[in-house]
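Read off the chains here:
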Amino acid sequence: MKQYKWTVISCGMLADEVRQEWERVQPDARLLWMKRGLHNSPQTLRAGVQAMIEAHQDCEAILLTYGLCGNGTCGLVSPHTKLVVPAFHDCIHQLLHDVDKSSGKEPASWKNKTQTGHYYLTRGWTLDEEAIYQQSCLILRKYGKERGKSILQEMYHGYTDMDVIETGAYDMAPVLEYAAKAAKINDMKLNSVKGSTDVLHKLITGNWDQDFIVLDPGEELTLQHFLPQV
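Residues numbered from 1 in each chain as written. Predicted model: local features only at pLDDT ≥ 70, side-chain atom pairs only at ≥ 80, totals over all residues. Heavy atoms only, no water.

Draft legend 1. The arrangement of the packing of aromatic side chains in detail. What the rule picks out here adds up to five aromatic pairs. Here the aromatic rings of Tyr 119 and Tyr 159 are separated by 5.3 Å at their centres, their planes lie at 75 degrees, and the arrangement is edge-to-face. Here the residue Tyr 119 occupies a position in strand S5 (residues 118-121), and Tyr 159 occupies one in the loop between helix H5 (132-155) and strand S6 (161-166), the gap between them amounting to 40 residues. In this structure Tyr 159 comes out as partly exposed when scored by relative accessible area, which is 34%. The interplanar angle of 75 degrees and the centroid separation of 5.7 Å between the aromatic rings of Tyr 133 and Tyr 178 together place this pair among those described as edge-to-face. Placement of the pair is Tyr 133 in helix H5 and Tyr 178 in helix H6 (residues 172-185), with a sequence separation of 45 residues. For Tyr 178, a relative accessible area of 11% puts it in the buried group. Through a chain of ring-to-ring contacts, three or more aromatic side chains come together here, namely Tyr 119, Tyr 156 and Tyr 159. (Phe/Tyr/Trp six-rings, centres within 6.5 Å; stacked < 30°, edge-to-face > 60°. Helix = DSSP H or I, 4+ residues; strand = E, 2+ residues; numbered from the N terminus. Buried < 20%, exposed > 50% of the residue type's maximum accessible area, 1.4 Å probe, protein only.)

In structure tokens, the structure reads:
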């Protein structure tokens, strides 16, 4: 069996973006997938990722595509390898963060792009039964139009816009079509916003700069590791 330099443990929600960068880079690493939706239960996410980490200690470093994810990664430890984690609260922030290639500087671009009241989508966020359009349709069928709309307004209170992130990793047309239906049901305005896979690229090429938390073997990932970055 081949001995890999690194092990990458990725959320399935980022499958399009990870696969795109994987093909470009061809890293000396094994790629392991976790199911989409684990972020809905931080405890389940933590237990699943920790078990995966402990089962793959035969490498120099374990790289996660997860950020803080609702505190779901807090408490993770890699006993005998380095643990590398993007220093972002979630994958939306990662995919909105890019490099100013003209100057070589690293702007906190996700802070400039994220807006209050905007609901962000990638193709990965449209695929599950719990995704916004599927969920909205289910609620309307179950409770009827009047009661269902009231429930949806309560669920998505404060959201005025729906933004599809253009990462370059998938065909935008069907995602925009999906988002248009979801936005219409929930009385939101539809937009698209330029995204980036720069963070994932840096992760799997070993360019672990200020956008990453790099822990030594046995060091526990805590909330404080993320706080200086936001």
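The rest of the description comes next.
Draft legend 2. Seen up close, the pairing of strand S4 (residues 82-86). For S4, the buried fraction is high: four of the five residues fall into the buried class. Here strand S3 (residues 61-64) pairs with S4 via three bridges, running parallel. What sits directly across from Ala 61, in S4, is Lys 82. (Pairing = 2+ DSSP bridges.)

Draft legend 3. The pattern of salt bridges, seen in detail. Within this structure, the stated rule accounts for eight salt bridges. Where Arg 30 meets Asp 58, a salt bridge forms, and the shortest distance between an N and an O atom there is 3.1 Å. Of the two residues, Arg 30 is situated in strand S2 (residues 29-34) and Asp 58 in the loop between helix H2 (42-55) and S3; the sequence distance between them amounts to 28 residues. Accessibility expressed as a relative area gives 11% for Arg 30, which makes it buried. Lys 202 serves as the salt-bridge partner of Asp 211, at 2.6 Å between the closest nitrogen and oxygen. Its relative accessible area of 5% is what places Lys 202 among the buried residues. Through salt bridges with shared partners, a single ionic network connects Lys 202, Asp 209 and Asp 211. (Salt bridge = Lys/Arg side-chain N within 4 Å of Asp/Glu carboxyl O.)

Draft legend 4. Representation of the environment of Pro 174 within the structure. Mapped onto the elements, Pro 174 comes out in helix H6. We classify Pro 174 as partly exposed; its relative accessible area is 43%.

Draft legend 5. The sheet that holds strand S8 (residues 212-215), seen in detail. The five strands lie next to each other as S2-S1-S3-S4-S8, forming an open sheet whose pairing is mixed. At either margin of the open sheet sits one strand with a lone partner, and together these are S2 and S8. Taking each pair of neighbouring strands and ignoring which way they run, the sheet shows an average axis angle of 20 degrees. One ladder, built from four bridges, connects strand S1 (residues 6-11) with S3; its direction is parallel. The residue bridging Thr 7 from the neighbouring strand is Ile 62, located in S3. Contacting S1 and S2, helix H1 (residues 15-25) runs over the sheet at an angle of about 170 degrees to S2. (Axes fitted to C-alpha atoms, helices over the stretch in contact; angles between N-to-C directions. Contact = heavy atoms within 4.5 Å.)

Draft legend 6. Geometry of the sheet that holds strand S7 (residues 189-194). If you walk across this open sheet you meet the three strands as S5-S6-S7, and the pairing is parallel. The outermost strands of the open sheet, each flanked by one partner alone, are S5 and S7. For this sheet the average axis-to-axis angle between neighbouring strands, irrespective of direction, equals 30 degrees. The sheet contact formed by S6 and S7 spans six bridges and is parallel. Of the residues in S7, the one forming a bridge with Glu 166 is Lys 194. Each of S5, S6 and S7 is contacted by H6, which is oriented at about 170 degrees to S6, the strand it contacts most.

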